[in-house]
Amino acid sequence: MKSFNGGKSVANWLLRISLIAILCVLYLNVVTTWNFRNLSFVIAVLALIFGALNMAGAMFSNNGLTVISGLIIFLLSLYKLIISFNGMLNSSFALQLIPLSLGFYFFAYGND
């Protein structure tokens, strides 16, 4: 059976929306603390900013912006994944895999 090629752009937009949604779920409560000296706050702000830039890269057909924002989201999520790993697979570990995977996808494929 052949794949549905017309659905690729819809799938990419759904992935972008999912990325923004999971970043908001993970980091929005941290950003509301306004604690600039806390590393978690800085990571949360950067993740939300680059999530928005990923969406902007798609809206303005700027492939470079999408790739760079995907790379930054991937790296921030990788850092959070390494820091939160305590030798056990738990929900915190699994939740960090989602933005990690989506960030790597947009880093690898951009707006294609």
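See above for the structure.
Being a predicted model, the structure only gives us computed values, none of them experimental.

Draft legend 1. Molecular detail of the overall build of the chain. Along its length, the chain carries four helices and zero strands. A compact globule built from 112 residues would reach a C-alpha radius of gyration of about 13 Å, and the chain, at 15 Å, matches this within 12%. When contacts within the chain are restricted to residue pairs at least 6 apart in sequence, long-range pairs at least 24 apart make up 65% of them. Of the roughly 6,900 Å² of accessible surface on the chain, a fraction of 71% belongs to carbon and sulfur atoms.

Draft legend 2. Representation of a nonpolar patch on the surface within the structure. A surface patch of nonpolar side chains, about 420 Å² in accessible area, is lined by Leu 39, Val 42, Leu 46, Tyr 79 and Ile 83. At the level of secondary structure, the elements contributing two or more residues to the nonpolar patch comprise α2 (39-59) and α3 (63-84). Top contributing element to the nonpolar patch by residue count: α2, with three residues. Within the secondary structure, Leu 46 is located in helix α2.

Draft legend 3. Highlighting helix α1 (residues 8-31). The end-to-end C-alpha separation of α1 is 33 Å, in line with the 34 Å expected for 24 residues at 1.5 Å each. The largest bend along α1 reaches roughly 40 degrees and is located at Val 25. Buried within α1 are the following residues: Asn 12, Arg 16, Leu 19, Ile 22, Leu 23, Leu 26, Tyr 27 and Val 31. Considering only its buried residues, α1 is in contact with α2, α3 and α4 (91-109).

The rules behind these values
- Residues numbered from 1 in each chain as written.
- Predicted model: local features only at pLDDT ≥ 70, side-chain atom pairs only at ≥ 80, totals over all residues.
- Heavy atoms only, no water.
- Helix = DSSP H or I, 4+ residues; strand = E, 2+ residues; numbered from the N terminus.
- Rg over C-alpha atoms; globule rule 2.2 N^0.38 Å.
- Contact = heavy atoms within 4.5 Å.
- Areas by Shrake-Rupley, 256 points an atom, 1.4 Å probe, with all protein chains shown as cover.
- Patch = residues over 30% accessible without salt bridge, like charges linked within 9 Å, V, L, I, M, F, W, Y side chains within 5 Å.
- Salt bridge = Lys/Arg side-chain N within 4 Å of Asp/Glu carboxyl O.
- Expected span 1.5 Å × (residues − 1).
- Bend = angle between axes of the 7 residues up to and from the residue.
- Buried < 20%, exposed > 50% of the residue type's maximum accessible area, 1.4 Å probe, protein only.

Everything listed here is a matter of geometry and, on its own, says nothing about what the molecule does.
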